[in-house]
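Now for the letters of each chain:
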Amino acid sequence: MQARNTRQKQIVDKVMGKATRPLTVHEILAGGKKFLPSLGLATVYRELNRLVETGEIQTVTIPGDPPRYEIAKQHHHHFKCTKCDNVYELEGCLKEITKLVPKGFKAESHDITLYGLCRACA
Ligand SMILES: [Zn+2]
Ligand SMILES: [Zn+2]
């Protein structure tokens, strides 16, 4: 039983490692089932929570969407395709963003999502 659980967890790591964009739990489950058809949703959730706690992966939260997961990396933003619903990573940030903050305010963080059509959908 223990060995089986370990195998299931490794599959989650493998799917996350190969991912080219942030994935939902169900996408991770579907990807993992290709390697291990018996992979269960509860195991995927448990392993994702563990990886978030250890800081190996981070959650991508887009209002109105289920959480997505990606390998933890430096500050960046996302693009959501309104046709296929996929979310893509954008590199870097704009320093000018802090110029939007009114005088006397102190910004601590920000979150930017661009919406539109991805290359495949455009
Ligand atoms: Zn698309
Ligand atoms: Zn930024």
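Structure: see above.
(A) Inspection of the packing of aromatic side chains at higher detail. This structure, assessed with the given rule, holds 0 aromatic pairs. Seen from the ring of Phe35, Lys14 lies directly overhead, with NZ or CZ sitting 4.1 Å from the centre.

(B) Spatial organisation of the pairing of strand 4 (residues 77-81). Most of strand 4 is tucked away: 5 of the 5 residues are buried. Burial of the side chains of strand 4 extends over both faces: His77, Phe79 and Cys81 are buried on one face and His78 and Lys80 on the other. When strand 4 meets strand 5 (residues 87-90), the two strands line up antiparallel, connected through 4 bridges. Note on strand 5: the bridge partner recorded for Lys80 is Val87. Where strand 4 folds back onto strand 5 in an antiparallel hairpin, the turn is made up of 5 residues, including Asp85, whose phi is positive at roughly 70 degrees. Here strand 4 pairs with strand 6 (residues 113-116) via 4 bridges, running parallel. By the bridge assignment, Phe79 is partnered in strand 6 with Leu114.

Reading the values: the criteria
- Residues numbered from 1 in each chain as written.
- Chains lettered and ligands numbered in written order.
- Predicted model: local features only at pLDDT ≥ 70, side-chain atom pairs only at ≥ 80, totals over all residues.
- Heavy atoms only, no water.
- Phe/Tyr/Trp six-rings, centres within 6.5 Å; stacked < 30°, edge-to-face > 60°.
- Lys NZ or Arg CZ within 6 Å of the ring centre and 35° of its normal.
- Buried < 20%, exposed > 50% of the residue type's maximum accessible area, 1.4 Å probe, protein only.
- Helix = DSSP H or I, 4+ residues; strand = E, 2+ residues; numbered from the N terminus.
- Pairing = 2+ DSSP bridges.

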